[in-house]
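Given next are the chains, with one letter for each unit.
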Amino acid sequence: MFGAGGGTSSYQEAEETDLVILWGSNARETHPIFFHHLLRGVHNGARLVAVDPRRTSSGEWADVWLGIDVGSDIALANAMARVIIHAGLANKEFIERATTGYKEFARCVEAYTLEVAEKETGVPGYAIRDVALEYGRADKAMICWTLGITEHHNATDNVLALINLALLTGKVGRYGCGLNPLRGQNNVQGGGDMGAIPARMPGFQDLQEPAIHDKFSRAWGGAQFPTKKGYHLSEMFEAMEHGELTTAYIVGENPARSEADQTRAVRLLSGLEHLVVQDIFLTQTAELAHVVLPAAAGWAESEGTVTNSERRVQRVRRALEPPAGARDDVDIICDLAHRLGCDWGQPTAEQVWNECRSLSPMHAGMSYARLDELGGIQWPCPDESHPGTLFLHERLWSDPVEGPRAPLHAVEHDPPVDRLTKEFPIRLTTGRRLDSFNTGVQTNEYTSPLRRREALLISPADAQRLGIQDGERVMASSRRGSVEVPVRFEATLRPGLAFLTLHFPDQVATNILTIDATDPKSGTAEFKASAIRIEKLTAGATA
């Protein structure tokens, strides 16, 4: 947040806050460890509000569920902000001292009356008002979100709308308050922290700043490397489309199944002049590769660190040796570097980490010994006497503010790109389930008592309207393609809304249906909002 890509709060604070708004996140199934902390907060008296198109298993624990229409999050957030302002609950002292852009923001949200918001979101105006007042009046409150907010064509603006609410009420930079993006996969936070972001070096240092470039160049023996922003994933596929990117090196990713508009993704990957895949399994992407480099499983067969959603860096220890032929990622990369003319030797995981913390100020105090002793440390940790940072942005409460002020942003509601029409009248949203992981590569070969075959979940009302029986196979079609899929009735879905996961691409190629419209700021595709139609197949076809 505000220049550092990490949640502002700790898990401990979720246990001791007054209110949690879980926005676009089914944390019970997708972030179960965090959800246990959240439930401790509920048992300690915290109120829980779930904002989600589906009444998920997380929503079942909530005091209030706002069943928002897919893609209308900004309209809801702006309407809540308007209620807070009109009720006199805006923290004027904090806004004046610690923020910028308030006047423009206030003008923007003034148009989002409860009547307008109810029309755009499908949430009753009184419910929007009540949640806004509860958030505005709470002493301590947190907003947590995940892919339900970020997998949209306007993902960045969605996040900014939530940040606005925290800044408007002064609910950031204090214990028990904050803004928390729950990371979609294990160590996604660590990947970003280590520089797996265009134009960012470890510690979110800007590659385009000459001083940062010079620091890394000196540390790496005068190495010359680009000083301008690179491609993010969506831009890579655009560059493939135009013949500007002809070679790719893919590590631990399965874009042939995970990318939106799967048909296009497979076509572009298949057309590369040279594709290298480094992975622990022969994924569908690896099957397209010219070279496959078998890697060790980082969570069990490697040494290193991992960072979770509360910014806590923790040790990972090798539990067993990799199978014959598989090697640690670091060893593979160092050998590849050697063949390209760079002698990096064969550093241990600890040596790699020490180099990182010598260059990243926010990791500087995190020696292996301290990580072991303290059971992990939350960044920033600038030196070895520092205990780590429980929550971020306390500086905003200094008078005067230390460092730059936090900007409020005027953002406008922008509906999903894939519009609903008579031809495509059903809104398809996608997500995950507790028992499975991402495209299923690491989980589908294991049985689970929680698991059922993939099915298109629809409301009983839609099934009755379409004349479809529970378990019947149907044809689901979007503007990009069609898949055959069994139907399963789901009472928690409202009419007009359908749900699929991407866990079982061999059963149902979900991402043939999804749209690759992307947020220009983050590069995230709009997985959460596709328009489909559902058609009956031959009479009696069942799964």
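Before reading on, note that the structure itself is shown above.
Residues numbered from 1 in each chain as written. Predicted model: local features only at pLDDT ≥ 70, side-chain atom pairs only at ≥ 80, totals over all residues. Heavy atoms only, no water.

J.: Let's hear about helix H15 (residues 262–270): which residues, and what values?
T.: Regarding H15, the residues found buried are Gln262, Arg264, Ala265, Leu268 and Leu269. In an axial view of H15, the angular spread of the buried residues amounts to 160 degrees, which keeps them on one side of the axis. Tucked inside the fold, the buried residues of H15 contact helix H13 (233–241), strand S9 (247–251), helix H14 (255–258) and strand S10 (274–279). (Buried < 20%, exposed > 50% of the residue type's maximum accessible area, 1.4 Å probe, protein only. Helix = DSSP H or I, 4+ residues; strand = E, 2+ residues; numbered from the N terminus. Arc of directions from axis to C-beta. Contact = heavy atoms within 4.5 Å.)

J.: Tell me about the packing of helix H7 (residues 114–121) against helix H8 (residues 125–137), and please be specific about residues and values.
T.: At a minimum axis distance of 8 Å, the contact between H7 and H8 shows a crossing angle of 110 degrees. Here H7 lies roughly perpendicular to H8, going by the angle between them. Classified by chirality, the crossing of H8 by H7 is right-handed. Across the interface between the two elements, Leu114, Ala117, Glu118 and Thr121 from H7 touch Gly125, Ile128 and Arg129 from H8. Of the residues contributing to the contact of H7 with H8, the split by class is three nonpolar, two polar and two charged. (Axes fitted to C-alpha atoms, helices over the stretch in contact; angles between N-to-C directions. Parallel < 35°, antiparallel > 145°, perpendicular 65-115°, else oblique. Left-handed = near helix turned anticlockwise from the far one by under 90°. Nonpolar A, V, L, I, M, F, W, Y, C, P; charged D, E, K, R; others polar.)

J.: I'd like a description of the packing of aromatic side chains, backed by residues and values.
T.: Per the counting criterion, the structure on display carries five aromatic pairs. Centroid distance Phe216 to Trp220: 5.4 Å. Interplanar angle 70 degrees. Geometry classified as edge-to-face. A residue is classified by how much of its surface remains accessible, and Trp220, at 35% relative accessible area, is partly exposed. Looking at Lys171, its charged tip hangs above the ring of Tyr135, at a distance of 5.1 Å from the centre. (Phe/Tyr/Trp six-rings, centres within 6.5 Å; stacked < 30°, edge-to-face > 60°. Lys NZ or Arg CZ within 6 Å of the ring centre and 35° of its normal.)

J.: Hey, could you go over the pattern of salt bridges for me, with residue numbers and the actual values?
T.: Pairing between side chains of opposite charge can happen when the charged atoms of each approach one another. According to the stated counting rule, one finds 34 salt bridges in the structure shown. Across the salt bridge formed by Asp418 and Arg480, the nearest N and O atoms sit 2.6 Å from each other. On the criterion of sequence distance, the pair formed by Asp418 in the loop between strand S15 (406–407) and strand S16 (426–431) and Arg480 in the loop between strand S18 (473–477) and strand S19 (482–489) is long-range, its members being 62 residues apart. The exposure class of Asp418 is buried, given its relative accessible area of 3%. (Salt bridge = Lys/Arg side-chain N within 4 Å of Asp/Glu carboxyl O.)

J.: I'd like a description of the sheet that holds strand S14 (residues 377–378), backed by residues and values.
T.: Taking strand neighbours across the sheet as the criterion, the three strands line up as S12-S13-S14 in an open arrangement whose pairing is antiparallel. Looking along the sheet, the strands with just one partner apiece sit at the ends: strand S12 (304–307) and S14. With two bridges connecting them, strand S13 (residues 312–316) and S14 associate as antiparallel partners. When the sheet's bridge partners are listed, Val313 is paired in S14 with Ile377. (Pairing = 2+ DSSP bridges.)

J.: If you had to explain the side chain of Thr17 to someone new, which residues and values would you point to?
T.: Mapping Thr17 onto the fold places it in the loop between helix H1 (11–14) and strand S1 (19–23). The buried category is assigned to Thr17, whose relative accessible area is 5%. Side-chain polar atoms of Thr17 contact the backbone oxygen of Lys140, separated by 3.2 Å. In this structure, Thr17 is in contact with Ala46, Lys140, Ala141, Met142 and Gly176, ignoring residues within four places of it in sequence. (Polar contact = N/O pair within 3.5 Å; in protein donor to acceptor, adjacent residues only side chain to side chain.)

J.: Tell me about unusual backbone geometry, residues and numbers included.
T.: Geometrically, the link from Trp379 to Pro380 is a cis peptide bond, its omega value of 0 degrees lying close to zero. Residue position: Pro380 is located in the loop between S14 and S15. Here the bond from Asp399 into Pro400 is cis, since omega is 5 degrees, no more than 30 degrees from zero. Tracing the sequence through the fold places Pro400 in the loop between S14 and S15. Positive phi, normally seen in glycine, also occurs at Phe204, with a value near 60 degrees. Mapped onto the elements of the fold, Phe204 is located in the loop between strand S7 (200–201) and strand S8 (205–206).

J.: Outline the pairing of S19, supporting the account with residue identities and numerical values.
T.: Pairing between strand S17 (residues 456–458) and S19: three bridges, direction parallel. The residue bridging Leu457 from the neighbouring strand is Arg488, located in S19. Between S18 and S19, which pair antiparallel and follow one another directly, the connecting turn spans four residues.

J.: Explain empty space enclosed by the protein to me, using residue names and the numbers behind them.
T.: This model, assessed by the stated rule, comprises two cavities of 30 Å³ or more. Sorting the residues of the lining of the largest cavity by element identifies helix H9 (147–150) and S16 as the ones contributing at least two each. Sort the elements by how many residues they give to the lining of the largest cavity and S16 lands first, with three residues. Residues belonging to the lining of the largest cavity are distributed by class as follows: six nonpolar, 14 polar and six charged. In terms of lining residues, the second largest cavity is bounded by Ser9, Ser10, Tyr11, Phe34, Met142, Asn180, Leu182, Ser309 and Glu310. Split into classes, the residues belonging to the lining of the second largest cavity amount to four nonpolar, four polar and one charged. (1 Å grid on protein atoms, 1.4 Å probe; cavity = no way out; pocket = protein on both sides within 12 Å on 5 of 7 lines; lining within 4 Å. Points joined across faces, edges and corners; volume = space filled by probe spheres on them.)

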